[in-house]
Amino acid sequence: MLPDADQLKKSGPLWRVIEVLLALGVLGMLVILIIQVIGRLAGASPSWTEEASRFLFMDGVFLGFAAGFRAAVHPRVSYLVARGPGWLGKVSLHTTVVTAILFFTILAWKSIELVMQQMRTNETSPALAVSMWIITVPLAIAAVLSIVGVLQSVYFDKNLRQRLLEGEVIA
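Residues numbered from 1 in each chain as written. Predicted model: local features only at pLDDT ≥ 70, side-chain atom pairs only at ≥ 80, totals over all residues. Heavy atoms only, no water.

### Topic: the pattern of salt bridges
In step 1: Evaluation of the coordinates by the stated rule reveals 3 salt bridges.
In step 2: Note that glutamate 50 is salt-bridged to arginine 54, the shortest N-O span being 3.4 Å. Remark: arginine 54 and glutamate 50 occur in helix α3 (residues 48–70); sequence separation between them is 4 residues, near one turn of the helix.
In step 3: Of the residues examined, glutamate 50 reaches a relative accessible area of 43% and is grouped as partly exposed.
In step 4: Close ionic contact of aspartate 157 with arginine 70 constitutes a salt bridge, the shortest N to O distance being 3.6 Å. Of the two residues, aspartate 157 sits in the loop between α6 (132–156) and α7 (158–165) while arginine 70 sits in helix α3, which places them 87 residues apart along the sequence.
In step 5: Given a relative accessible area of 11%, aspartate 157 falls into the buried group. (Salt bridge = Lys/Arg side-chain N within 4 Å of Asp/Glu carboxyl O. Helix = DSSP H or I, 4+ residues; strand = E, 2+ residues; numbered from the N terminus. Buried < 20%, exposed > 50% of the residue type's maximum accessible area, 1.4 Å probe, protein only.)

Put into structure tokens, the structure is as follows:
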């Protein structure tokens, strides 16, 4: 079951901005891919379209991580949580939080290192000639937002926390 519209409305302005950015990214990919297809049909596909769509896709995936963890629509196995003793749900929930925070902390740390390296070396993309650190920054931001999303969904949203403890399969 997906989160209902009221739940998404209560998610706060930060998450609404992220949802808008995701929608704009998908729209941007759609327009760029249409340009690419038309270009291929005409025999002269612009070289920048493939790179731009790949960058939008990559950044959209990572921002989608954050939004997904905030709404608790990430995949998880909840069969035992739903049928086991109450303490199993609590242990499982806290283990998920710790694991997610550890993963996203490492991702943020490594992506920040990558951004620093790209800034130091002045790395640019071949087709767009854009500084690569600009493309990589959303990865670091999304990792931090994913940590915020996990914490909000488990510890600050009582309704969602209860649904998670009951082992309700949202994804």
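### Description of the nonpolar core
In step 1: Of all hydrophobic cores here, the largest spans 23 residues; its most connected members are Phe104, Leu145 and Leu164.
In step 2: Breaking this core down by element, the ones donating at least two residues are α2 (13–42), α3, α5 (86–121), α6 and α7.
In step 3: In terms of residue count, the dominant contributor to this core is α6 (7 residues).
In step 4: With residues near it in sequence (within four places) discarded, phenylalanine 104 still touches Phe65, Phe69, Ala143, Ser146 and Ile147. (Core = buried A, V, L, I, M, F, W, Y, C linked by side-chain atoms within 4.5 Å. Contact = heavy atoms within 4.5 Å.)

### Digging into the packing of α2 against α6
In step 1: Taken N-terminus to C-terminus, the directions of α2 and α6 make an angle of 130°; their axes are 12 Å apart at the nearest point. The angle between the axes of α2 and α6 places the two elements in the oblique class. With respect to the hand of their crossing, α2 and α6 are arranged in left-handed fashion. For the pair α2 and α6, contact is made by Leu14, Trp15 and Ile18 and by Leu145, Val148, Gly149 and Gln152, respectively.
In step 2: Each residue belonging to the contact of α2 with α6 can be placed in one class, and the counts come to 5 nonpolar, 2 polar and no charged. (Axes fitted to C-alpha atoms, helices over the stretch in contact; angles between N-to-C directions. Parallel < 35°, antiparallel > 145°, perpendicular 65-115°, else oblique. Left-handed = near helix turned anticlockwise from the far one by under 90°. Nonpolar A, V, L, I, M, F, W, Y, C, P; charged D, E, K, R; others polar.)

### Brief notes about the environment of glutamate 51
In step 1: Looking at the element boundaries, glutamate 51 is found in helix α3.
In step 2: The class of glutamate 51 is buried, set by a relative accessible area of 6%.
In step 3: Measuring from C-alpha to C-alpha, the distance between glutamate 51 and isoleucine 32 comes to 9.9 Å, with 19 residues separating the pair along the chain.
In step 4: Every residue in contact with glutamate 51, bar those within four places of it in the chain, is listed here: Ser125, Pro126, Ala127 and Leu128.

### Topic: the packing of aromatic side chains
In step 1: Under the defined criterion, the tally for this structure stands at 4 aromatic pairs.
In step 2: Between phenylalanine 62 and phenylalanine 65, the ring centres sit 5.5 Å apart and the planes meet at 80°, which makes this aromatic pair edge-to-face. Of this pair, phenylalanine 62 and phenylalanine 65 both sit in helix α3, 3 residues apart, roughly one helical turn.
In step 3: Consider the rings of phenylalanine 103 and phenylalanine 104, whose centres lie 5.0 Å apart with planes at 70°: the pair is edge-to-face.
In step 4: Looking at phenylalanine 103, the relative accessible area reads 46%, which means it is partly exposed.
In step 5: By the ring-pair criterion, three or more aromatic residues cluster together here, those being Phe62, Phe65, Phe69, Phe103 and Phe104.
In step 6: Looking at lysine 110, its charged tip hangs above the ring of tryptophan 109, at a distance of 4.6 Å from the centre. (Phe/Tyr/Trp six-rings, centres within 6.5 Å; stacked < 30°, edge-to-face > 60°. Lys NZ or Arg CZ within 6 Å of the ring centre and 35° of its normal.)

### A word on α3
In step 1: For α3, spanning 23 residues, the distance from its first C-alpha to its last is 33 Å, which sits close to the expected 33 Å at 1.5 Å a residue.
In step 2: Along α3, the residues that are buried comprise Thr49, Glu51, Ala52, Ser53, Phe55, Asp59, Phe62, Leu63, Ala66, Gly68, Phe69 and Arg70.
In step 3: Among the structural elements, α2, α5, α6 and α7 are those in contact with the buried residues of α3.
In step 4: The first or second residue beyond α3 is alanine 72, which carries a positive phi of 55°. (Expected span 1.5 Å × (residues − 1).)

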